[in-house]
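Descriptive analysis of the structure
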Amino acid sequence: MTQVFDIVVVGAGMVGAALATGLGQNGFRVALVDRAQPPDFDPESAPDIRVSALSAGSERYLQSLGAWDHILGMRSTPYRRLAVWDETRYPLQNLVPRKLAEVQFDATELGAHHLGHIVENSVTQQALWQTAEACPQVSLFHGQGVASLAQSGDTATVTLDDDRELLASLVVGCDGAQSRIRDLAGIGVTRNQYDQQAMVISVRYQGPVEDITWQGFHPSGPRAFLPLHSAGPEHPGESWGSLVWYDSPEELARLKAMDDSTLMNEIQSSFPASLPLLTHIDSKASFPIARQHAKHYHSGRVVLAGDSAHTINPLAGQGVNLGFQDAQALQSALKEAKRAGDDLANPKWLNLYEQQRRPANRRMMLTMDVFYHLFSNRIPPVHLLRNLGLGAARALPFARNRVARYAMGIDEELPAVVRQITARIPGLSQI
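Report on the accompanying structure. (Residues numbered from 1 in each chain as written. Predicted model: local features only at pLDDT ≥ 70, side-chain atom pairs only at ≥ 80, totals over all residues. Heavy atoms only, no water.)

Structural notes on the pairing of strand E10 (residues 146-152)
- In the sheet, E10 pairs with strand E11 (residues 155-160) via 6 bridges, with the strands oriented antiparallel. Directly across from Gln-151, in E11, lies its bridge partner Ala-156.
- Joining the antiparallel neighbours E10 and E11 is a turn of 2 residues, in which Gly-153 adopts a positive phi near 60 degrees. (Pairing = 2+ DSSP bridges. Helix = DSSP H or I, 4+ residues; strand = E, 2+ residues; numbered from the N terminus.)

Description of the packing of helix H1 (residues 14-25) against helix H2 (residues 56-65)
- The interhelical angle for the contact between H1 and H2, taken along N-to-C directions, is 45 degrees, at an axis separation of 10 Å. It follows that H1 is oblique to H2 by the angle criterion. Crossing handedness for the pair H1 and H2: left-handed. Contacts between H1 and H2 involve Ala-18, Leu-19, Thr-21, Gly-22 and Gln-25 on the former and, on the latter, Tyr-61, Ser-64 and Leu-65.
- When the residues that make up the contact of H1 with H2 are grouped by side-chain class, the tally is 4 nonpolar, 4 polar and no charged. (Axes fitted to C-alpha atoms, helices over the stretch in contact; angles between N-to-C directions. Parallel < 35°, antiparallel > 145°, perpendicular 65-115°, else oblique. Left-handed = near helix turned anticlockwise from the far one by under 90°. Contact = heavy atoms within 4.5 Å. Nonpolar A, V, L, I, M, F, W, Y, C, P; charged D, E, K, R; others polar.)

Some remarks on the sheet that holds E11
- The 4 strands are arranged E1-E12-E11-E10 in an open sheet whose pairing can be described as mixed. Among the strands making up the open sheet, the edge pair consists of strand E1 (2-4) and E10. Strand-to-strand twist in this sheet, taken as the mean axis angle between neighbours without regard to direction, amounts to 20 degrees.
- Across 3 bridges, E1 lies against strand E12 (residues 165-168) in parallel orientation. When the bridges of E12 are listed, Val-4 appears paired with Leu-167.

Some details on the sheet that holds strand E5 (residues 77-79)
- Taken in spatial order, the 3 strands line up as E4-E8-E5 in an open sheet, and their pairing is antiparallel. The sheet terminates laterally at strand E4 (51-55) and E5, the two strands that pair on one side only. The average undirected angle you get between the axes of adjacent strands in this sheet is 30 degrees.
- Sheet topology note: the E5/strand E8 (residues 116-120) ladder contains 3 bridges and is antiparallel. Within E8, the residue paired with Tyr-79 across the bridge is Gly-116.

What about the packing of aromatic side chains?
- Under the counting rule described, the total for this entry stands at 7 aromatic pairs.
- For the pair Tyr-205 and Phe-225, a centre-to-centre distance of 5.6 Å together with 70 degrees between the ring planes defines the contact as edge-to-face. You can see Tyr-205 sitting in strand E14 (residues 189-206) and its partner Phe-225 sitting in strand E16 (residues 221-230), a full 20 residues away along the chain.
- For Tyr-205, a relative accessible area of 0% translates into the label buried.
- An aromatic cluster is defined as three or more aromatic residues linked by ring pairs; in this entry it consists of Tyr-205, Trp-214, Phe-225, Trp-245 and Phe-271.
- Sitting above the plane of the Phe-28 ring, Lys-338 keeps its charged end 4.7 Å from the centroid. (Phe/Tyr/Trp six-rings, centres within 6.5 Å; stacked < 30°, edge-to-face > 60°. Buried < 20%, exposed > 50% of the residue type's maximum accessible area, 1.4 Å probe, protein only. Lys NZ or Arg CZ within 6 Å of the ring centre and 35° of its normal.)

Thoughts on the pattern of salt bridges
- Enumeration over the complete set of coordinates arrives at 15 salt bridges.
- Notably, a salt bridge pairs Asp-161 with Arg-35, separated by 3.2 Å at the nearest N-O pair. You can see Asp-161 sitting in the loop between E11 and E12 and its partner Arg-35 sitting in the loop between strand E3 (30-34) and E4, a full 126 residues away along the chain.
- Relative accessible area serves as the criterion here: at 40%, Asp-161 is assigned to the partly exposed category.
- Taking the shortest distance from any N to any O, the salt bridge between Glu-266 and Arg-254 comes out at 3.0 Å. With a gap of 12 residues between them, Glu-266 in helix H8 (residues 260-270) and Arg-254 in helix H7 (residues 249-256) connect regions that are remote in the sequence.
- Looking at Arg-254, the relative accessible area reads 38%, which means it is partly exposed.
- Residues participating in the shared-partner salt-bridge network are Glu-251, Arg-254 and Glu-266. (Salt bridge = Lys/Arg side-chain N within 4 Å of Asp/Glu carboxyl O.)

What is shown is where atoms sit, not what they do.
Here you go:
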């Protein structure tokens, strides 16, 4: 059986489902394909171990799609403060007291109600599937992978595992870092595997829901706390949280082998003192981290968005926010192509999308790499330098807050001085 669409979006994760919904709401006939079955939500269940810090910009985008109210109707946790500091012990540390080297961002200082929301990935995805299903222009093909991709003339043909054929003017790969669509289109990547891995731990802690997310930097990697919702009447006085522990694969393997009681004690003694008292570990998992960037964002009748196009060090939790920015930019470019009566795969419009997104994604990649290398360095003068840098950021709230407003999606562009600095860094064009 053959069906005809304007666009086939492969991958119904957060970015793919958002893009398909936005395109459908703008009059495109869209097929949304994913191997997974529709996600479900149980309000009595423990939180999904995979969570994201959705920025104010992502919140606005999800509101425009009609998904944000669905998210609020399930589970989300606003955070109003974000703090970073150096936990490394070194001979010169007394030159810069800890409090002076701690940088804290506060929504009030930025003229905002909150900095963002911590939301379970499954909650965001389900909300977007609901909006996609409600859009008559979007057809969902779940439980189906892509068997093959062919491009001929003015048509791309996606053949599913059950031999159904989907014909379209354009295919969008939103199928993740190991994108099959990217491979089938012959688009290569540059990849840098980090020495660290990340371990995510879903926990309950004693006390009310916190309004701050923080990261303490150690030489082996940062240790972060993300607040989640109240644990409810079943666990009075307790709340859910998500912890992230960056370290070597060997150290994380040692931690994962511990029973929950031993691991909880290890976390409590190894994390910064700001960590609330833990009462329960629900689940844990670790994964490798890498920086990866597609050499091109489009080829023929295929274009990439989200993790299919780029993955970054998850230090600041910006991955899905970058993906949503891709979706908005691509959606805008395709609307212009449609308005002009052009082929949706016309390189003019796909180049416009790439010219908008590649430099912005590169800048965020570079910023995360700078943090990674600077805070993983054990050389005492470098420790002093980074603490002085944190102290300077604390002392210059205007510049600090301008960068924060950009990262949150409140402002559309980085401050000019930051753009100039990143433009001059050697090797940036190769990322």
